Each structure stands twice: as structure tokens, then as C-alpha cells.
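Spelled out, the chains give:
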Number of protein chains: 2
Amino acid sequence: MDRILLGHGSGGKMMNQLIRGYFVPEFGLKSLNDSAVLEEINHGKIAFTTDSYVVSPIFFPGGNIGELAVYGTVNDLSMVGAKPLYVSIGLILEEGFPLEDLKRILSSAANAAKKSGVKIVAGDTKVVDKGKADGIFINTSGVGIIEKGIDISPSRVMIGDKVILSGPIGNHGISIIAERNGISFNPPILSDTAPLNGLVSEMLKTTKDIHAMRDPTRGGLASALKEIAVDSGYCIFIEEEFITVPSGVRGACELLGFDPLYVANEGILVAIVKPDVAESLINTMRRHPLGKEARLIGYVQEAPAKLVLMKTAIGGTRIVEMLSGDQLPRIC
Amino acid sequence: MDRILLGHGSGGKMMNQLIRGYFVPEFGLKSLNDSAVLEEINHGKIAFTTDSYVVSPIFFPGGNIGELAVYGTVNDLSMVGAKPLYVSIGLILEEGFPLEDLKRILSSAANAAKKSGVKIVAGDTKVVDKGKADGIFINTSGVGIIEKGIDISPSRVMIGDKVILSGPIGNHGISIIAERNGISFNPPILSDTAPLNGLVSEMLKTTKDIHAMRDPTRGGLASALKEIAVDSGYCIFIEEEFITVPSGVRGACELLGFDPLYVANEGILVAIVKPDVAESLINTMRRHPLGKEARLIGYVQEAPAKLVLMKTAIGGTRIVEMLSGDQLPRIC
């Protein structure tokens, strides 16, 4: 038995063997009940999120779908200021999927959970017939706790707020597209997939005046900022020269005709903060491995409402729209 | 635009339009943040569960994948005695999937949430290229609260406990397999898909002495009981004559070579309860629309450990094993 069979998803003996053989040891699951019972949470608000991962290829420079799925959900919880605590993993497997790949992916997900300090507490496995999926799709959902006094939401964004970006853009998207097309770079461009909860925790120790926060995944930095602009009703003004685009990403984007502002990231965040805390926050971020290149990239102004404007490197000003169409399908 | 395109999953404008056009109105989502922030939960334990739905066909007699996904997660939470509160919906769509079908499915999921008294608070949409999925897969995860004093877990099962089944078996599985194979029955066999939280709530008002509970989905009643037997370490003894198999299901099983004990259900439960509360519990259940046919079907005995034994209708005793292999793939 070295491949997934339809019987692995049947709810019977084979599924049981798969769960007890792969899930229980990797994730240290204590029970196989229908629902996980979590420790008592008796303070703060609960944050809850879900994401499915259909990235292709499933193994890419710097990561794989397993860790990506865990970090993605950890990051979604972190973006509302929650401390991520519990994660579920739902697998949809294609008949014939190699068990060795499954083991590698689950192992990587387990390591990612450990690294992020979250527990994988619930799981589910479905198998579909050959040709009806693409190897493996993973859904992760997560539960976290938001301590009292933390309220991160675009409705809190104010005129004069500063925009901070934690690191360089474009690495994840370009690593995927390169792998997909058999292109290699020297030095290689690696996905930035990483858990942002540690960085956010340090940031929240410095200030509670973070008004909005996003990890710019699908749709890239442009789409994340545009969403905040629309939801807040204000204009976000950024300057291109302050946004770090690694030279490899820049070259790849030129070669492939992409705009790095729209390329997916999996290990950076953009925060809109009260102006007088921006400097100390950047200092805090720079002391964390994932925020070493944190920079102020812009500010919030009243008008034109709901737009993102960017002062370009050559001195003009351009309107930054949301990604339109399908620049990079199946990037996460 | 009447079909799903890859761009609908890109994180950009098209996805935004899809979410604001379909998700927000159906589910009344208040924010499109990365995570939902739930109301304060400051008493009891949290239950958390996940399930992916890959049922084929997506529309079947008595239901569709949308309501099935919501009820399935509501039921998983109910089986540990939790009151289901919040549900997330993660969609994986195949390029070319008809938007009309999507609308019908989301609408049905929204109705199911309303009927179950849960809020859909988080969502995610991914699109994969044509031929890399099968129309639509749905993941639902759920969060619920377990009131103090409720502790439902196979480890509480004791010798002498009674086994109660809430209704007839086999309807869901047979409705799917019939639809899949173009067989029709007269009267039609409809899926029993339904939310069990109302029934469970009534049961818990009658007694806290429910030791274990399962909704026998994939793998059927046999696999659910076998799991409890294994986890509790005792023997579950049931009598075939007390298990209601609708005549249509029985006929279809004979025709197709299935054993109704292994056929999936989506709207019944089996409970292992303290002997002295069994009768009053059955009376409570029979007053609820989903428990009208509740019956005592057996009891727990010490040995042979971890086995399910069934006294057959013709008087013999048979060992009931877990489902082996793939009797009915993609049943949920």
C-alpha cells in the first residue's frame, strides 16, 4: 500500500488505519471524536478563520502545501490580532496520490504547527476518484483568542495613519511560478512562507494602536491595500521607492510580465498604525527575524476616497487597482 | 458571466465581486476580514470541528452539497454535546462551474444555517483549472460551546449502558447511490440530511448521562458503533430486529449488494446512555421530529472487548466489523 485508494476515504477500516498511522503520530491527536474539545477559553474574544489550499505545484522552493496551509491560517488569525491556538486540517486526496508525499506534507504541517505554537486538534480526510482532483487540496481552519484591548479593523483607520510593510514582496508568487514553469534562478527565489504570529505578538507589546493589518497573499500588496482603502473609506498613499522588491523577483517579473505589487506573499504583513507609534513599531519589528526589513511605505489621507495612490520611482503618481483577472492561478 | 473562471479565485477584483455578490447577501457577512471575530464566549468549553464535502452528485434526492456541508458540521459539534454557534465555508470550485448552481448551493447552505441557528462567519474561495476538481468541494468548520456539566466521550461508556438509535438507517447513502446510477424508487428514497442540534438539546435537558454519541455517516451505523467499542474497550451488543431499515432502503440494498449497517446517514444519531435514563430519553426523543422512531437497540457488556456483536433477525449472532474498502465512495 503506497498510494491513496478510494477506500481510504470511506469512513471504515482503511481510513481508520490511515488516520491512526499518519495523523495521530504526526499531530499527537488525543481523540478521534467528531469534534475537538478545546481548553476553556474564558477571557477575550474568539477569532475564527478558514482557508483552502490548492497550490500547484505542491512542493516548491522554500516550502510545500502542508506548511503553507498551517502558516496561512496562523497568519489570518494574527491579522486580527488574535493569538492562534487551534488548527484543523481537512484533506481532499485524489485516488493514487503517493502516501510518501502525504507523509512528507503532514510532517511538514506538524512542524509548522510546532513552530507557530498551535495545536492541530481536528482533521478530516476525503478521497475522490482519479482525475477528479489534483493530488491534494488542504483546508485549514483556525481558532485564536483576541486579548482585551486589541481591536484591529479597517474601520479604525484614520487620516494621517502610517503604512508599514514588514519585508520584501513577491518571493512566494515568483517561487511558485518559477517551479511551475521549470525556471530556476541563481540565487534561488524561495517562498517566504512563515508564521507571522511571533512578529505580531511583539508588535502588540509595543502598541495597541494598530488600526488595520493584512498579510498580502493572493492579489499581492496592491489588492490588500485596496481592500483597506475601500473598507476604511480613505485614500492610501504609498511610495514605490520604499517597497523592497528583491532583485530576483524584479528580474522574474520583468521576464514574465508581472507587476510585483500583485504577486502573492506568505510571510509579510502590512499594518496601518497611529502616526506617533510608527517609529517605535518599526524598531520593534526590525528586531524580529521576519521584520528585519520593515519600512514605512506611506500614509492615509482623506481623498480621493477608497483609492490607493502610488508615487512611482520615476516621480509620477499612479492609481493602484485591485488585481483584475487571473495573473497567477493556484498560488496558494 | 455565468460560469466560474480562474480569475474568481485570484484574490482580486473578480473574487471580490463574487464574494460581495454571492457570499455577503446569502450569509449576511458583516466584514471581509481575514478572520471572523466571534462574540465573547466566557463560559464552558469550546468545541471545534472540520469536514470536507465531496459528495457526487452535488444535487441528490432530499438535499444538496450545500445544506449537507452545514448540517454535517452542526451534527459533528452536536455529537460532543456542543451548541453549534459559528460555521465557516471554504469552497474549491472547478473552472467552468455554473454560477447558477453555485447560487443554489450557497442559498441552501444559508437556509441550513438559519434552520440550525448557526452563523456563517468566515469563508474562502479557491478556483482550480478545468479537470482538476469535480465541480465543487466544500469544507465547513465549526465552533460551538459545551455547557458546564456536559461530558460526552467514549471513555465514559460503562458496562450496562443502553444503546439508543434515533431513527431509520440508510436513507442518505441509498439516495446518493440511486441518483448516481439513475435508479429511481417509488416512493423516492430521500436523504435524511438534517441538523441534529435541536434533538440533542432536548436530550441534554432530560439527562446529562449521555456517555457517547455519534452520527453514523460514512461507514454507517456499524463503523460508528465499532469506533465506540474500540475507544471504550467494551463490547456493544445490538439486536438487528430493533434497527429500523425502511423497506425502500432494504430493497435497494438487496438489489445493489449493500449491507444497510454500512450505509451512510446524515440525520440520525446513536447514543450510549446510563441505563436508568434510557426510557425517559427515548420518550423525549420521540417528541422531536427527528427522533420519532427512536428505539433501544442494544447495550454495553464487558466482553468480548472492543467488539460489536449483533443478534441477527434469524437468531444467530454476528460480529460487526468496521467497513472495509470502498462500499460507497464520495457519499458526503
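For the structure, see preceding data.
Nothing here was measured: the structure is a model prediction, and the numbers come from that model.

Draft legend 1. Structural detail: the overall build of chain A. Within chain A, the regular secondary structure consists of eight helices and 14 strands. The C-alpha atoms of chain A give a radius of gyration of 21 Å, which matches the 20 Å a tight globule of 332 residues would have. Expressed as a percentage of its 332 residues, the buried residues of chain A come to 62%. Expressed as a percentage of contacts within chain A between residues at least 6 apart in sequence, the contacts between residues at least 24 apart total 86%. Across chain A, the 33 positively charged side chains and the 37 negatively charged ones have centroids separated by 4 Å.

Draft legend 2. Highlighting the relation of the copies chain B and chain A. Once turned by 180 degrees and shifted 0.0 Å along the axis, chain B lies on chain A with an RMSD of 0.0 Å. The two molecules are tied by a two-fold rotation axis, judged by turn and shift. The residues that chain B uses at the interface reappear at the interface of chain A in 100% of cases, marking a shared surface.

Draft legend 3. Molecular detail of helix H5 (residues 197–206) of chain B. All names here are of chain B. For H5, the complete set of buried residues consists of Asn197, Leu199, Val200, Met203 and Leu204. The arc enclosing the buried residues of H5, seen along the axis, measures out at 155 degrees, which places them on a common side. Residues of H5 that are buried make contact with helix H2 (65–78), strand S5 (83–94), helix H3 (99–116), strand S9 (210–214), strand S11 (270–273) and helix H8 (278–286).

Draft legend 4. Focus on empty space enclosed by the protein. What the rule picks out here adds up to six cavities of 30 Å³ or more. Its volume calculated, the largest cavity comes out at about 100 Å³. The wall of the largest cavity is formed by 16 residues, among which Arg218(A), Leu328(A), Ile331(A), Gly9(B) and Ser10(B) lie closest to the centre. Here the lining of the largest cavity is composed, by residue class, of nine nonpolar, four polar and three charged. If you trace the second largest cavity, you find it lined by Leu6(A), Gly9(A), Ser10(A), Lys126(A), Val127(A), Val54(B), Arg218(B), Leu328(B), Pro329(B), Arg330(B), Ile331(B) and Cys332(B). For the lining of the second largest cavity, the class distribution of residues is seven nonpolar, two polar and three charged.

Draft legend 5. How the structure looks around the interface of chain B and chain A. With 81 residues of chain B at the contact, the number on the chain A side is 81 residues. With both sides pooled, the region where chain B packs onto chain A buries about 6,200 Å², and carbon together with sulfur makes up 55% of that total. Here chain B is connected to chain A by six salt bridges. Here Asp124(A) and Arg218(B) are joined by a salt bridge, their closest N and O atoms 3.0 Å apart. Linking chain B with chain A are 15 residue pairs in polar contact (both at pLDDT 80 or more). For the side of chain B that touches chain A, the secondary-structure elements that each account for two or more residues are helix H1 (13–27), strand S1 (36–37), strand S2 (45–53), H2, S5, strand S6 (119–128), strand S7 (136–146) and helix H6 (220–232) of chain B. Summarising the sheet, strand S1 (residues 36–37) of chain A and S2(B) pair through two bridges and their orientation is antiparallel. Paired with Val37(A) across the strands is Ala47(B), a residue of S2(B).

Parameters and conventions
Residues numbered from 1 in each chain as written. Chains lettered and ligands numbered in written order. Predicted model: local features only at pLDDT ≥ 70, side-chain atom pairs only at ≥ 80, totals over all residues. Heavy atoms only, no water. Helix = DSSP H or I, 4+ residues; strand = E, 2+ residues; numbered from the N terminus. Rg over C-alpha atoms; globule rule 2.2 N^0.38 Å. Buried < 20%, exposed > 50% of the residue type's maximum accessible area, 1.4 Å probe, protein only. Contact = heavy atoms within 4.5 Å. Lys, Arg positive; Asp, Glu negative; His and termini not counted. Charge placed at Lys NZ, Arg CZ, Asp CG, Glu CD. Least-squares fit on C-alpha atoms with pLDDT ≥ 70 in both. Arc of directions from axis to C-beta. 1 Å grid on protein atoms, 1.4 Å probe; cavity = no way out; pocket = protein on both sides within 12 Å on 5 of 7 lines; lining within 4 Å. Points joined across faces, edges and corners; volume = space filled by probe spheres on them. Nonpolar A, V, L, I, M, F, W, Y, C, P; charged D, E, K, R; others polar. Buried area = accessible area lost by both parts, 1.4 Å probe. Salt bridge = Lys/Arg side-chain N within 4 Å of Asp/Glu carboxyl O. Polar contact = N/O pair within 3.5 Å; in protein donor to acceptor, adjacent residues only side chain to side chain. Pairing = 2+ DSSP bridges.

Scope: geometric values only; no functional claims are made or implied.
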